[in-house]
Amino acid sequence: MSIYTIVIHGGAGTILKEDMTPALESSYQKGLKDALNAGYDLLANGKTAVEAVLAATMSLENNILFNAGKGSVFAKDGSQEMDASIMEGKNLYAGSVSAIKNIRNPVELAYTVMTKSPHVMLSGKGAYEFAKMQGIKMEPDEYFFSQFRYDQWKQMQGSNETALDHNVVVKDLPAGQAGKKFGTVGAVALDIHGDIAAATSTGGMTNKQFGRVGDSPIIGAGTYANNKTCAISCTGHGEPFIRAVAAYDVSCLMEYRGLSLEDAMKVVVHEKLIKMDGEGGMIGADAKGNTAMVFNSEGMYRGRISSNGKNEVAIYKNNML
Ligand code: ASP
(Lines give C-alpha, C1' and ligand atoms only; values in the text may rest on other atoms or scores of the structure.)
Protein backbone atom coordinates (compact mmCIF):
# COMPACT_ATOMS: atom_id res chain seq x y z
CA MET A 1 0.00 0.00 0.00
CA SER A 2 1.27 3.50 -0.71
CA ILE A 3 2.39 5.69 2.15
CA TYR A 4 0.37 8.73 3.19
CA THR A 5 1.57 11.34 5.60
CA ILE A 6 0.93 14.80 7.03
CA VAL A 7 3.34 17.27 8.65
CA ILE A 8 2.33 20.52 10.36
CA HIS A 9 3.92 23.54 12.00
CA GLY A 10 2.58 26.17 14.36
CA GLY A 11 5.39 28.69 13.90
CA ALA A 12 9.10 29.00 14.70
CA GLY A 13 11.01 31.44 16.87
CA THR A 14 12.49 31.88 20.33
CA ILE A 15 10.49 29.14 21.95
CA LEU A 16 12.19 28.05 25.17
CA LYS A 17 11.19 25.43 27.70
CA GLU A 18 11.90 27.82 30.59
CA ASP A 19 9.21 30.22 29.31
CA MET A 20 6.57 27.48 29.25
CA THR A 21 4.31 26.07 31.97
CA PRO A 22 3.38 22.37 31.84
CA ALA A 23 -0.25 23.37 31.26
CA LEU A 24 0.57 25.63 28.31
CA GLU A 25 2.92 23.02 26.88
CA SER A 26 0.13 20.45 26.91
CA SER A 27 -2.29 22.92 25.31
CA TYR A 28 0.17 23.36 22.44
CA GLN A 29 0.67 19.63 22.13
CA LYS A 30 -3.08 19.11 22.05
CA GLY A 31 -3.53 21.83 19.43
CA LEU A 32 -0.87 20.21 17.24
CA LYS A 33 -2.32 16.70 17.71
CA ASP A 34 -5.87 17.85 16.93
CA ALA A 35 -4.69 19.49 13.71
CA LEU A 36 -2.61 16.45 12.70
CA ASN A 37 -5.57 14.15 13.31
CA ALA A 38 -7.95 16.41 11.38
CA GLY A 39 -5.73 16.02 8.32
CA TYR A 40 -4.64 12.43 8.86
CA ASP A 41 -8.20 11.07 9.26
CA LEU A 42 -9.03 12.45 5.82
CA LEU A 43 -5.90 10.88 4.29
CA ALA A 44 -6.74 7.53 5.92
CA ASN A 45 -10.16 7.72 4.25
CA GLY A 46 -8.62 8.18 0.82
CA LYS A 47 -9.15 11.95 0.64
CA THR A 48 -6.66 14.19 -1.14
CA ALA A 49 -3.55 15.91 0.19
CA VAL A 50 -5.13 19.29 -0.51
CA GLU A 51 -8.20 18.40 1.59
CA ALA A 52 -5.90 17.23 4.40
CA VAL A 53 -3.73 20.37 4.50
CA LEU A 54 -6.87 22.51 4.37
CA ALA A 55 -8.43 20.70 7.36
CA ALA A 56 -5.22 20.72 9.44
CA THR A 57 -4.57 24.41 8.76
CA MET A 58 -8.17 25.35 9.59
CA SER A 59 -7.90 23.48 12.88
CA LEU A 60 -4.80 25.56 13.79
CA GLU A 61 -6.49 28.79 12.63
CA ASN A 62 -9.39 28.07 15.01
CA ASN A 63 -7.00 27.65 17.95
CA ILE A 64 -6.27 30.95 19.72
CA LEU A 65 -2.77 29.77 20.69
CA PHE A 66 -1.50 30.10 17.13
CA ASN A 67 -0.93 33.29 15.12
CA ALA A 68 -3.42 32.63 12.32
CA GLY A 69 -7.16 33.21 12.09
CA LYS A 70 -8.43 33.56 15.68
CA GLY A 71 -5.59 34.98 17.80
CA SER A 72 -3.69 36.69 14.97
CA VAL A 73 -1.13 39.35 15.89
CA PHE A 74 -1.80 43.09 15.69
CA ALA A 75 -0.49 45.47 13.01
CA LYS A 76 0.76 49.00 13.69
CA ASP A 77 -2.75 50.48 13.54
CA GLY A 78 -4.18 47.83 15.91
CA SER A 79 -5.86 45.88 13.10
CA GLN A 80 -5.47 42.15 12.51
CA GLU A 81 -4.67 41.51 8.85
CA MET A 82 -4.09 37.95 7.74
CA ASP A 83 -2.40 36.14 4.84
CA ALA A 84 -2.84 32.54 3.62
CA SER A 85 -2.15 30.29 0.66
CA ILE A 86 -2.57 26.73 -0.59
CA MET A 87 -1.05 24.78 -3.49
CA GLU A 88 -1.65 21.41 -5.15
CA GLY A 89 1.40 19.50 -6.36
CA LYS A 90 -0.29 17.44 -9.08
CA ASN A 91 -1.38 20.36 -11.28
CA LEU A 92 0.45 23.35 -9.75
CA TYR A 93 -2.87 25.04 -8.98
CA ALA A 94 -2.63 27.62 -6.21
CA GLY A 95 -4.77 30.12 -4.31
CA SER A 96 -3.77 32.91 -1.99
CA VAL A 97 -5.15 35.85 -0.03
CA SER A 98 -3.31 38.74 1.60
CA ALA A 99 -4.05 41.60 4.00
CA ILE A 100 -7.55 40.30 4.70
CA LYS A 101 -9.69 40.98 7.76
CA ASN A 102 -12.68 39.35 9.44
CA ILE A 103 -12.41 36.07 7.50
CA ARG A 104 -12.75 33.20 9.98
CA ASN A 105 -10.55 30.81 8.00
CA PRO A 106 -8.17 32.61 5.64
CA VAL A 107 -6.89 29.30 4.20
CA GLU A 108 -10.44 28.36 3.22
CA LEU A 109 -10.68 31.61 1.30
CA ALA A 110 -7.33 30.86 -0.38
CA TYR A 111 -8.71 27.42 -1.33
CA THR A 112 -11.84 29.07 -2.74
CA VAL A 113 -9.73 31.49 -4.80
CA MET A 114 -7.93 28.42 -6.21
CA THR A 115 -11.07 26.40 -6.93
CA LYS A 116 -13.71 29.04 -7.72
CA SER A 117 -11.89 31.92 -9.40
CA PRO A 118 -9.61 32.28 -12.41
CA HIS A 119 -7.03 34.01 -10.17
CA VAL A 120 -4.21 32.96 -7.87
CA MET A 121 -4.00 35.93 -5.47
CA LEU A 122 -6.64 38.25 -4.07
CA SER A 123 -5.98 40.93 -1.49
CA GLY A 124 -7.74 43.31 0.90
CA LYS A 125 -11.13 44.66 -0.12
CA GLY A 126 -11.42 42.59 -3.31
CA ALA A 127 -10.71 39.40 -1.38
CA TYR A 128 -13.36 40.39 1.16
CA GLU A 129 -15.99 41.02 -1.54
CA PHE A 130 -15.13 37.69 -3.17
CA ALA A 131 -15.48 35.95 0.21
CA LYS A 132 -18.93 37.48 0.69
CA MET A 133 -20.02 36.32 -2.76
CA GLN A 134 -18.79 32.80 -2.02
CA GLY A 135 -20.53 32.60 1.37
CA ILE A 136 -17.24 32.30 3.30
CA LYS A 137 -17.67 32.53 7.07
CA MET A 138 -16.94 36.02 8.51
CA GLU A 139 -16.39 37.05 12.13
CA PRO A 140 -16.40 40.40 13.95
CA ASP A 141 -13.09 41.91 15.20
CA GLU A 142 -13.71 40.55 18.74
CA TYR A 143 -13.50 36.97 17.50
CA PHE A 144 -9.83 37.45 16.50
CA PHE A 145 -8.82 39.30 19.69
CA SER A 146 -6.48 37.73 22.24
CA GLN A 147 -5.21 39.55 25.30
CA PHE A 148 -1.65 38.20 25.11
CA ARG A 149 -1.10 39.30 21.52
CA TYR A 150 -2.67 42.64 22.31
CA ASP A 151 -0.17 43.04 25.16
CA GLN A 152 2.69 42.03 22.83
CA TRP A 153 1.63 44.71 20.40
CA LYS A 154 1.17 47.34 23.13
CA GLN A 155 4.77 46.78 24.12
CA MET A 156 5.94 47.58 20.58
CA GLN A 157 3.34 50.17 19.63
CA GLY A 158 4.82 53.47 18.55
CA SER A 159 8.19 51.90 17.65
CA ASN A 160 9.33 51.05 14.15
CA GLU A 161 10.11 47.49 15.20
CA THR A 162 8.30 44.44 13.96
CA ALA A 163 8.72 40.99 15.49
CA LEU A 164 8.00 37.37 14.98
CA ASP A 165 5.29 36.96 17.57
CA HIS A 166 7.29 34.23 19.34
CA ASN A 167 10.15 36.63 19.86
CA VAL A 168 8.33 39.39 21.70
CA VAL A 169 8.80 38.92 25.41
CA VAL A 170 5.84 40.45 27.17
CA LYS A 171 6.82 41.51 30.64
CA ASP A 172 4.51 41.47 33.64
CA LEU A 173 2.48 38.52 32.47
CA PRO A 174 2.09 35.31 34.46
CA ALA A 175 4.60 32.56 33.69
CA GLY A 176 3.67 30.70 30.57
CA GLN A 177 1.77 33.66 29.17
CA ALA A 178 4.93 35.52 28.16
CA GLY A 179 4.60 36.26 24.51
CA LYS A 180 7.20 34.15 22.84
CA LYS A 181 5.31 31.17 21.75
CA PHE A 182 2.57 31.68 19.24
CA GLY A 183 2.90 31.08 15.58
CA THR A 184 2.05 31.08 11.93
CA VAL A 185 0.66 27.73 10.88
CA GLY A 186 1.03 25.38 7.95
CA ALA A 187 0.70 21.83 6.70
CA VAL A 188 2.10 19.62 3.96
CA ALA A 189 0.76 16.19 3.02
CA LEU A 190 1.13 13.21 0.71
CA ASP A 191 -2.06 11.28 -0.09
CA ILE A 192 -2.72 7.68 -1.02
CA HIS A 193 -2.97 8.71 -4.70
CA GLY A 194 0.67 9.91 -4.63
CA ASP A 195 -0.16 13.64 -4.72
CA ILE A 196 1.28 16.30 -2.41
CA ALA A 197 -0.01 19.71 -1.27
CA ALA A 198 0.97 22.59 1.03
CA ALA A 199 -0.87 25.33 2.94
CA THR A 200 0.21 28.24 5.17
CA SER A 201 -1.77 30.81 7.18
CA THR A 202 -0.67 33.73 9.37
CA GLY A 203 -1.47 36.97 11.11
CA GLY A 204 2.05 38.05 10.07
CA MET A 205 4.44 39.93 12.32
CA THR A 206 3.54 41.97 15.41
CA ASN A 207 3.44 45.75 14.79
CA LYS A 208 3.80 45.29 11.01
CA GLN A 209 2.78 48.17 8.75
CA PHE A 210 -0.85 47.55 7.84
CA GLY A 211 -0.95 46.46 4.21
CA ARG A 212 2.36 44.60 4.69
CA VAL A 213 2.35 41.22 2.98
CA GLY A 214 4.66 38.49 4.29
CA ASP A 215 5.97 35.32 2.66
CA SER A 216 3.04 33.11 3.69
CA PRO A 217 0.67 34.03 0.81
CA ILE A 218 3.43 34.25 -1.79
CA ILE A 219 3.61 31.12 -3.88
CA GLY A 220 7.25 30.03 -4.04
CA ALA A 221 8.27 32.03 -0.93
CA GLY A 222 6.19 30.71 2.00
CA THR A 223 4.32 27.92 0.24
CA TYR A 224 5.03 25.64 -2.72
CA ALA A 225 3.97 22.20 -3.96
CA ASN A 226 5.01 20.22 -7.01
CA ASN A 227 4.59 16.42 -7.24
CA LYS A 228 7.96 16.24 -9.08
CA THR A 229 9.83 17.66 -6.07
CA CYS A 230 8.25 18.71 -2.76
CA ALA A 231 5.52 20.41 -0.75
CA ILE A 232 6.85 23.13 1.58
CA SER A 233 5.29 25.46 4.16
CA CYS A 234 7.51 28.08 5.82
CA THR A 235 7.45 30.13 9.01
CA GLY A 236 9.76 32.87 10.15
CA HIS A 237 10.78 36.42 9.29
CA GLY A 238 8.85 36.85 6.05
CA GLU A 239 11.02 39.43 4.28
CA PRO A 240 14.17 37.25 3.94
CA PHE A 241 11.98 34.26 3.01
CA ILE A 242 10.51 36.32 0.16
CA ARG A 243 13.94 37.50 -1.02
CA ALA A 244 15.28 33.93 -0.84
CA VAL A 245 12.20 32.54 -2.66
CA ALA A 246 12.65 29.95 0.07
CA ALA A 247 10.02 27.29 -0.67
CA TYR A 248 10.70 27.21 -4.41
CA ASP A 249 14.44 27.15 -3.81
CA VAL A 250 14.03 23.80 -2.02
CA SER A 251 12.17 22.52 -5.08
CA CYS A 252 14.92 23.84 -7.40
CA LEU A 253 17.69 22.22 -5.36
CA MET A 254 15.84 18.91 -5.64
CA GLU A 255 14.99 19.26 -9.33
CA TYR A 256 18.21 20.72 -10.69
CA ARG A 257 20.82 19.48 -8.22
CA GLY A 258 19.25 16.16 -7.27
CA LEU A 259 19.32 16.86 -3.52
CA SER A 260 17.07 14.91 -1.15
CA LEU A 261 14.15 16.76 0.47
CA GLU A 262 15.92 17.15 3.82
CA ASP A 263 19.30 18.14 2.34
CA ALA A 264 17.64 20.77 0.14
CA MET A 265 15.73 22.18 3.12
CA LYS A 266 18.93 22.31 5.19
CA VAL A 267 20.78 24.27 2.47
CA VAL A 268 18.00 26.87 2.38
CA VAL A 269 17.37 27.12 6.15
CA HIS A 270 20.88 26.68 7.55
CA GLU A 271 22.95 28.29 4.80
CA LYS A 272 21.03 30.66 2.54
CA LEU A 273 18.53 32.10 5.03
CA ILE A 274 21.13 32.43 7.79
CA LYS A 275 23.24 34.64 5.48
CA MET A 276 20.20 36.90 5.05
CA ASP A 277 19.29 36.99 8.77
CA GLY A 278 16.29 34.88 7.91
CA GLU A 279 15.21 33.36 11.20
CA GLY A 280 12.64 30.56 11.00
CA GLY A 281 12.02 27.16 9.51
CA MET A 282 9.96 25.00 7.21
CA ILE A 283 8.23 21.64 6.92
CA GLY A 284 8.38 19.47 3.81
CA ALA A 285 7.07 16.28 2.21
CA ASP A 286 7.79 14.62 -1.11
CA ALA A 287 5.82 12.19 -3.25
CA LYS A 288 7.92 9.22 -2.03
CA GLY A 289 6.80 9.68 1.57
CA ASN A 290 9.88 11.49 2.91
CA THR A 291 9.18 14.29 5.38
CA ALA A 292 11.38 16.84 7.15
CA MET A 293 11.06 19.66 9.71
CA VAL A 294 14.05 22.03 9.62
CA PHE A 295 14.55 25.32 11.52
CA ASN A 296 17.34 27.69 12.54
CA SER A 297 15.52 29.25 15.53
CA GLU A 298 15.29 28.06 19.15
CA GLY A 299 12.16 26.10 18.48
CA MET A 300 9.33 25.32 16.09
CA TYR A 301 5.90 23.94 16.98
CA ARG A 302 5.72 20.89 14.75
CA GLY A 303 4.42 17.37 14.28
CA ARG A 304 3.88 14.57 11.80
CA ILE A 305 1.91 11.38 11.35
CA SER A 306 2.61 8.84 8.68
CA SER A 307 0.92 5.59 7.66
CA ASN A 308 4.30 3.87 8.21
CA GLY A 309 3.93 4.42 11.97
CA LYS A 310 5.65 7.76 12.58
CA ASN A 311 3.60 9.87 15.03
CA GLU A 312 5.22 12.76 16.91
CA VAL A 313 4.84 16.33 18.04
CA ALA A 314 7.69 18.56 19.22
CA ILE A 315 8.37 22.12 20.26
CA TYR A 316 12.00 22.72 21.17
CA LYS A 317 15.33 22.08 19.49
CA ASN A 318 16.63 18.49 19.96
CA ASN A 319 13.62 17.69 22.08
CA MET A 320 10.87 15.56 20.71
CA LEU A 321 7.93 15.59 23.10
N1 ASP B 1 6.29 34.29 8.01
C2 ASP B 1 5.30 35.09 8.69
C3 ASP B 1 5.34 36.49 8.11
O4 ASP B 1 6.41 37.04 7.93
C5 ASP B 1 5.48 35.17 10.16
C6 ASP B 1 5.64 33.86 10.91
O7 ASP B 1 6.01 32.85 10.32
O8 ASP B 1 5.41 33.82 12.14
O9 ASP B 1 4.31 37.07 7.92
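Residues numbered from 1 in each chain as written. Predicted model: local features only at pLDDT ≥ 70, side-chain atom pairs only at ≥ 80, totals over all residues. Heavy atoms only, no water.

**Overview of the pairing of strand 3 (residues 94–100)**
Note the cut-off: Residue exposure (1.4 Å probe, protein chains only): buried if accessible area is under 20% of the type maximum, exposed if over 50%, otherwise partly exposed. A run of DSSP states H or I qualifies as a helix once it reaches four residues; a run of E qualifies as a strand once it reaches two. Both are numbered from the N-terminal end. Two strands are said to pair when DSSP picks up at least two bridges between them. Seen with its strands pointing away from the viewer, a crossover is right-handed when the path leading from the first strand over the helix to the second is clockwise.
Where burial is concerned, most of strand 3 is hidden: seven out of the seven residues are buried. In this structure, strand 2 (residues 82–88) lies alongside strand 3, joined through five bridges in antiparallel fashion. Within strand 3, the position partnered with methionine 87 by the bridge is alanine 94. Here strand 2 folds back onto strand 3, and the loop between the two strands holds five residues, one of which, leucine 92, carries a positive phi near 60°. Judged from the three bridges that link them, strand 3 and strand 4 (residues 121–123) form a sheet pairing that is parallel. Its bridge partner lying in strand 4, serine 98 is registered against serine 123. Between the parallel elements strand 3 and strand 4, the chain passes through helix 3 (residues 106–116) in a crossover that is left-handed.

**Comments concerning the site of the ligand**
How we decide: Here, proximity means that at least one heavy atom of the residue falls within 4 Å of the molecule or strand. Each polar contact in these results corresponds to two N or O atoms within 3.5 Å; when the atoms are within protein, one needs to be able to donate a hydrogen and the other to accept it, and residues that are neighboring in sequence are counted only if both atoms are side-chain atoms. Computed by Shrake-Rupley with a 1.4 Å probe, the accessible areas treat only the displayed protein chains as cover when residues are assessed.
Thr184, Arg212, Asp215, Thr235 and Gly236 are the nearest of the 12 residues found near the ligand. Contacts to the ligand include arginine 212, whose side-chain N or O atom sits 2.7 Å from an oxygen atom. Burial of the ligand by the protein amounts to 100% of the accessible area it has alone, namely 270 Å².

**Some thoughts on unusual backbone geometry**
Even without a glycine there, the phi angle at leucine 92 is positive, about 60°. Residue position: leucine 92 is located in the loop between strand 2 and strand 3. With phi around 65°, asparagine 102 is a residue other than glycine that occupies positive phi space. Tracing the backbone through its elements, the reader meets asparagine 102 in the loop between strand 3 and helix 3.

**A short note on helix 3**
To be explicit about the condition: Any two residues whose heavy atoms approach within 4.5 Å at even a single point are treated as in contact.
Of the positions making up helix 3, those classed as buried are Pro106, Val107, Leu109, Ala110, Thr112, Val113 and Met114. Looking at the buried side of helix 3, the elements it contacts are helix 2 (49–61), strand 2, strand 3, strand 4, helix 4 (124–133) and strand 6 (196–202).

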